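A structural walkthrough
Single-letter residue listing:
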Amino acid sequence: MTEVGVPAPTPTGIDAVDRVLDLVAGLAERPLEEHAGVLEEAHGELRRTLDNPPAAPAAPAAP
């Protein structure tokens, strides 16, 4: 079986989400036994982010 490379995740600009994407992107280097734990951690972090979304950036001040 030929392995296909997975491209690096595109940053979203939301730190918590970007950390999860990086975590999941690193699964290929981890032993299979660790995958479930990593995915559970990713799910938990995404759930916390959805439950407490980051504040939207402030709009620029009018001149």
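The residue numbers shown here count from 1 along each chain, following its written sequence. Per-residue local features are limited, in this predicted model, to residues with pLDDT of at least 70; the limit for side-chain atom pairs, both in listing and counting, is 80 or more; totals at the level of whole chains, interfaces and linings are taken over all residues. Derived side-chain values reflect all non-hydrogen atoms in the structure, with water molecules and hydrogen atoms excluded from consideration.

1. A look at the side chain of Thr-49
Stated formally: Under the DSSP-based scheme used, a helix requires at least four consecutive residues in state H or I and a strand at least two consecutive residues in state E, with every element numbered from the N terminus. The buried label applies to any residue whose accessible area, calculated with a 1.4 Å probe on protein chains only, is under 20% of its type's maximum; exposed applies above 50%, and partly exposed to all values in between. Any pair of nitrogen or oxygen atoms within 3.5 Å is treated as a polar contact; in protein, a donor-acceptor pairing is required on top of that, and neighbouring residues in sequence qualify only through side-chain atoms on both sides. What makes two residues a contact is simply this: any of their non-hydrogen atoms within 4.5 Å.
Considering the arrangement of structural elements, one finds Thr-49 in helix 2 (residues 32-51). Take Thr-49: its relative accessible area is 12%, and that puts it in the buried class. Reaching out from Thr-49, the side chain makes a polar contact with the backbone oxygen of Glu-45 at a distance of 2.9 Å. Those residues in contact with Thr-49 that sit more than four places away from it in its chain are Ile-14, Ala-16, Val-17 and Pro-54.

2. Describing the pattern of salt bridges
The criterion, for reference: Any carboxyl oxygen of Asp or Glu within 4 Å of a side-chain nitrogen of Lys or Arg constitutes a salt bridge here.
All chains considered together, the criterion is met by four salt bridges. Among the ionic pairs, Glu-45 bridges to Arg-48, the shortest N-O distance being 3.1 Å. Of the two residues, Glu-45 and Arg-48 are both situated in helix 2; the distance of three residues between them amounts to about one turn of the helix. On the basis of relative accessibility, which here comes to 47%, the residue Arg-48 falls in the partly exposed class.

3. Looking at the environment of Pro-7
As for its placement among the helices and strands, Pro-7 is situated in the segment before helix 1 (15-25). Accessibility expressed as a relative area gives 65% for Pro-7, which makes it exposed. Separated by 18 residues in sequence, Pro-7 and Ala-25 place their C-alpha atoms 8.5 Å apart.

4. Details of helix 2
How we decide: One less than the number of residues in a helix, times 1.5 Å, gives the span that helix is expected to have. Arc, as used here, means the arc of the directions from the helix axis to the C-beta atoms.
An ideal rise of 1.5 Å per residue puts 28 Å on 20 residues; helix 2 measures up with 30 Å between its terminal C-alpha atoms. All of the buried residues in helix 2 are Val-38, Ala-42, Gly-44 and Thr-49. What you see down the axis of helix 2 is that its buried residues fit within an arc of 160 degrees, all on one side. Looking at helix 2, the residues exposed on the side facing more than 90 degrees away from the buried face are Glu-33, Glu-40, His-43 and Leu-50. Buried positions along helix 2 lie against helix 1.

5. Quick word on the side chain of Asp-18
Threshold: By the counting scheme adopted, Arg and Lys are positive, Glu and Asp are negative, and His together with the chain ends is not counted.
Structurally, Asp-18 is set in helix 1. One buried charged residue, Asp-18, remains without a salt bridge, the closest side chain of opposite sign being Arg-19 at 8.2 Å.

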